[in-house]
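Coordinate analysis (summary)
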Amino acid sequence: MNTVLGASPAGVTEARLIEIVFPDHTNHLGTLFGGQALAWMDKAAFVVATRYARRTVVTARSDQVDFRLPVRQGQLVELIARVVATGRSSIQVEVDLIAEDLLTGDARLCTRGRFTMIALDAHGTPTAVVPLPASATADA
């Protein structure tokens, strides 16, 4: 039997992605464009929601994205996406964006946001997802 980290009976509830901030990701101040951060966060939400539902998913909404600290060119970015709730066809995903200085190891939470993903059937119609187990919501 294969074991997947962050898996519940319904599916995978956590995914992690790694990016590096290159010059073309930054603004005139040498910090990560907000739009680039949102794109990476949306990608992480897409990955965990797809793995949770094992269906095609689309982004329906992004909520409460808080930019706390700037992310600088050259830093490593780890995106941690967690399924925190489900509806009939929706999957709520919270995403943390953590920036790490590769030379010092100093890591800080820079951005946090919540995304609503919708599961679709083969015809592009919203379709039911397995409810998130109570034990998974208690951990979130």
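Up top is the structure these notes are about.
The present account deals with the structure reproduced in this document. Just so it is clear, the model here is predicted, and its values are computed rather than measured.

**Regarding the pairing of strand β5 (residues 107-120)**
Every other side chain in a regular strand lies on the same face of the sheet, so the side chains alternate between the two faces. In the sheet, strand β2 (residues 56-67) pairs with β5 via nine bridges, with the strands oriented antiparallel. Looking at the pairing, T59 lines up with M117 of β5. Pairing geometry for strand β4 (residues 90-100) and β5, over 11 bridges, is antiparallel. The residue bridging A99 from the neighbouring strand is R108, located in β5.

**A few points about the side chain of T111**
Relative to the elements of secondary structure, T111 occurs in strand β5. You can call T111 buried: its relative accessible area is 2%.

**Focus: the sheet that holds β5**
In space, the five strands of this open sheet follow the order β1-β3-β4-β5-β2, with antiparallel pairing throughout. At either margin of the open sheet sits one strand with a lone partner, and together these are β1 (14-20) and β2. This sheet shows a mean twist of 25° between the axes of neighbouring strands, independent of strand direction. Against the sheet, helix α1 (residues 34-53) makes contact with β1, β2, β3 (76-86), β4 and β5, and its axis sits at roughly 50° relative to β5, the strand it touches most.

**Section: α1**
Given a rise of 1.5 Å per residue, 20 residues ought to cover 28 Å, and the 28 Å separating the end C-alpha atoms of α1 matches this to within 8%. Structurally, α1 contributes buried residues whose contacts are with β1, β2, β3, β4 and β5.

**Some words on the pattern of salt bridges**
Where charged atoms from two side chains of opposite charge approach closely, those side chains can pair. Counted under the stated rule, the structure contains 10 salt bridges. Between R82 and D96 there is a salt bridge, with its nearest N and O atoms 3.5 Å apart. With R82 in strand β3 and D96 in strand β4, this residue pair connects regions lying 14 residues apart in the sequence. Accessibility expressed as a relative area gives 7% for D96, which makes it buried.

**Here we look at the pairing of β3**
Here β1 pairs with β3 via seven bridges, running antiparallel. Residue R16 lies in a different strand from β3, and its bridge partner there is I80. Strand direction decides the pairing type here: β3 and β4, joined by 10 bridges, are antiparallel. Within the sheet, the bridge partner assigned to E78 lies in β4 and is I98.

Thresholds, definitions, all that
- Residues numbered from 1 in each chain as written.
- Predicted model: local features only at pLDDT ≥ 70, side-chain atom pairs only at ≥ 80, totals over all residues.
- Heavy atoms only, no water.
- Pairing = 2+ DSSP bridges.
- Helix = DSSP H or I, 4+ residues; strand = E, 2+ residues; numbered from the N terminus.
- Buried < 20%, exposed > 50% of the residue type's maximum accessible area, 1.4 Å probe, protein only.
- Axes fitted to C-alpha atoms, helices over the stretch in contact; angles between N-to-C directions.
- Contact = heavy atoms within 4.5 Å.
- Expected span 1.5 Å × (residues − 1).
- Salt bridge = Lys/Arg side-chain N within 4 Å of Asp/Glu carboxyl O.

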